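Fold and geometry: a report
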Amino acid sequence: MSHLSESILHHAASLPEGGALSAKGLLHLGARPAVDQALSRLVRRGHLLRAGRGLYTRPIRTRFGSRPPTLETLVEGLARAKGETLVPHGAAAANALGLTTQVPVRTVYLTSGRTRTLQLGAQQIELRHAPAWQLMFPGAPAGEAVRALAWLGEAKAGEAMRHLRRVLPPSALAQIADARTRMPTWLAAQVSRLIAHA
């Protein structure tokens, strides 16, 4: 194995599970063509997994063999590596909050970056570019609620807001209310009505 390949593997080992590697992030180790070739060789040998165009991650070694990292850890690693905001799609948020019983068939995340698809073995993750108001409060109940409302749409928002008033903590409702100016008019109106009747 070449010195460059060993250096890439050493760097990959320093990342947490699901940590994302890209050729651009490894240019301190060598010239771009050499880094690209080394990454391709490491994928062929099973030391790295290709997750998307120019994106790699290392497999997790267990006593039962190797497996890809979980989709959640890959998404977290990608968000760290690219500096993007990545949050679960509104359909998943609506299901988690009890607003629908539909379970999403595909794994979809909203992103501040460009729309693209990641492939990790047989698993596929769709990343869809979304407006900033749908990406607010990542990892918080208030953000999940906003994304769920965006997915449900204007016609179902009133009923959903009444449900959210019962299940969300007051702090999350206050966060949603404070963010009204960043929302589309139809959603800001629903939030305002919720506050007026609280």
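Residues numbered from 1 in each chain as written. Predicted model: local features only at pLDDT ≥ 70, side-chain atom pairs only at ≥ 80, totals over all residues. Heavy atoms only, no water.

All told, the structure shown has 0 aromatic pairs when counted by the stated rule. Sitting over the ring of Phe137, Arg182 keeps its end group 6.0 Å from the ring centre. (Phe/Tyr/Trp six-rings, centres within 6.5 Å; stacked < 30°, edge-to-face > 60°. Lys NZ or Arg CZ within 6 Å of the ring centre and 35° of its normal.)

All right, on to unusual backbone geometry then. Even without a glycine there, the phi angle at Phe137 is positive, about 55°. Checked against the element boundaries, Phe137 lands in the loop between strand 9 (123–129) and helix 5 (141–152). On the accessibility criterion, Phe137 (19% relative accessible area) is buried. (Helix = DSSP H or I, 4+ residues; strand = E, 2+ residues; numbered from the N terminus. Buried < 20%, exposed > 50% of the residue type's maximum accessible area, 1.4 Å probe, protein only.)

What follows concerns the sheet that holds strand 6 (residues 86–88). Taken in spatial order, the 4 strands of this open sheet run 6-7-9-8, and their pairing is mixed. In the strand order of this sheet, the two ends are held by strand 6 and strand 8 (116–120), each with one partner. On average, each strand axis in the sheet is inclined to that of its neighbour by 30°, with strand direction left out of account. Across the face of the sheet, helix 3 (residues 71–82) comes into contact with strand 6, strand 7 (107–111), strand 8 and strand 9 while running at roughly 40° to strand 9. (Pairing = 2+ DSSP bridges. Axes fitted to C-alpha atoms, helices over the stretch in contact; angles between N-to-C directions. Contact = heavy atoms within 4.5 Å.)

Packing of helix 5 against helix 6 (residues 154–167) leaves a shortest axis separation of 8 Å and a crossing angle of 150°. Put simply, helix 5 runs roughly antiparallel to helix 6. Every residue of helix 6 that contacts helix 5 at Ala145, Leu149 and Leu152 is listed here: Glu154, Lys156, Ala157, Ala160, Met161 and Leu164. Its residues assigned to classes, the contact of helix 5 with helix 6 comprises 7 nonpolar, no polar and 2 charged. (Parallel < 35°, antiparallel > 145°, perpendicular 65-115°, else oblique. Nonpolar A, V, L, I, M, F, W, Y, C, P; charged D, E, K, R; others polar.)

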